[in-house]
Amino acid sequence: MTDYSTQAQVRRITEEFARKRSRMFVAFACIEGAMLAGAVIVVYVLKLVDPDVGVWILVALALIGSLVLSTMIIRQIKAQQQAIRDVGGTPFPGSTGPTF
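An account of the accompanying structure is given in this report. Treat the numbers as computed from the prediction; the structure is a model and nothing was measured. (Residues numbered from 1 in each chain as written. Predicted model: local features only at pLDDT ≥ 70, side-chain atom pairs only at ≥ 80, totals over all residues. Heavy atoms only, no water.)

Quick notes on the overall build of the protein chain
Counting its regular elements, the protein chain contains two helices and zero strands. If you line up the protein chain on its principal axes, its C-alpha atoms span 60 × 35 × 20 Å. Taken across its 100 residues, the protein chain has 18% of its residues classed as buried. Restricting to contacts in the protein chain with at least 6 residues of sequence separation, those with at least 24 account for 60%. With the model as given, the accessible surface of the protein chain reaches about 7400 Å², and the carbon-plus-sulfur share is 67%. Considering the protein chain, the positive charge centre built from 10 side chains and the negative charge centre built from 7 side chains are found 7 Å apart. (Helix = DSSP H or I, 4+ residues; strand = E, 2+ residues; numbered from the N terminus. Buried < 20%, exposed > 50% of the residue type's maximum accessible area, 1.4 Å probe, protein only. Contact = heavy atoms within 4.5 Å. Areas by Shrake-Rupley, 256 points an atom, 1.4 Å probe, with all protein chains shown as cover. Lys, Arg positive; Asp, Glu negative; His and termini not counted. Charge placed at Lys NZ, Arg CZ, Asp CG, Glu CD.)

Points about the packing of aromatic side chains
Under the counting rule described, the total for this entry stands at zero aromatic pairs. Directly above the aromatic system of Phe17 lies the positively charged group of Lys20, at a separation of 4.9 Å from the ring centroid. (Phe/Tyr/Trp six-rings, centres within 6.5 Å; stacked < 30°, edge-to-face > 60°. Lys NZ or Arg CZ within 6 Å of the ring centre and 35° of its normal.)

Here's the deal with unusual backbone geometry
Not every positive phi belongs to a glycine, and Lys47 is a case in point at roughly 55°. In this structure, Lys47 sits in the loop between α1 (6-45) and α2 (51-86).

A word on the packing of α1 against α2
Following both chains from N to C, one finds α1 and α2 inclined at 170°, their axes separated by 10 Å at the closest point. When the axes of α1 and α2 are compared, the pair comes out roughly antiparallel. Looking at the contact of α1 with α2, its residues break down into 25 nonpolar, five polar and three charged. (Axes fitted to C-alpha atoms, helices over the stretch in contact; angles between N-to-C directions. Parallel < 35°, antiparallel > 145°, perpendicular 65-115°, else oblique. Nonpolar A, V, L, I, M, F, W, Y, C, P; charged D, E, K, R; others polar.)

Details of a nonpolar patch on the surface
A grouping of Val40, Ile41, Val42, Tyr44, Val45, Leu46, Leu48, Val55, Trp56, Val59 and Leu63 is seen on the molecular surface, where their side chains present a nonpolar patch of about 1000 Å² in accessible area. Elements represented by at least two residues in the nonpolar patch include exactly α1 and α2. In terms of residue count, α1 provides more of the nonpolar patch than any other element does, five residues in total. Position of Leu48 among the secondary structure elements: in the loop between α1 and α2. Using a relative accessible area of 63% as the deciding quantity, one classes Leu48 as exposed. (Patch = residues over 30% accessible without salt bridge, like charges linked within 9 Å, V, L, I, M, F, W, Y side chains within 5 Å. Salt bridge = Lys/Arg side-chain N within 4 Å of Asp/Glu carboxyl O.)

Here's the deal with the environment of Phe92
Inspection of the secondary structure assignment puts Phe92 in the segment after α2. Placed 38 residues apart in sequence, Phe92 and Gly54 show a C-alpha to C-alpha distance of 44 Å.

This is the structure we're talking about:
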């Protein structure tokens, strides 16, 4: 028998978004790793780009990747909060510990 209480729905939503977030991290790591490995190969193995410029290419790829990942995480958190609100739950339940 499926529990349709708000608390159970919030728990299911949280678990679903945790699975989605895990898949997103794995996919992002594979793509970002391949891009960085490709840049390293182009700069240091094939020597198609001067290493002084290549360092900046690697830094730029890392910065762009971090911005993309941050944006993806924020969007997913907002979607999770909205899904929880849609079922009548509270996105941030009260905590028993200190808040910083």
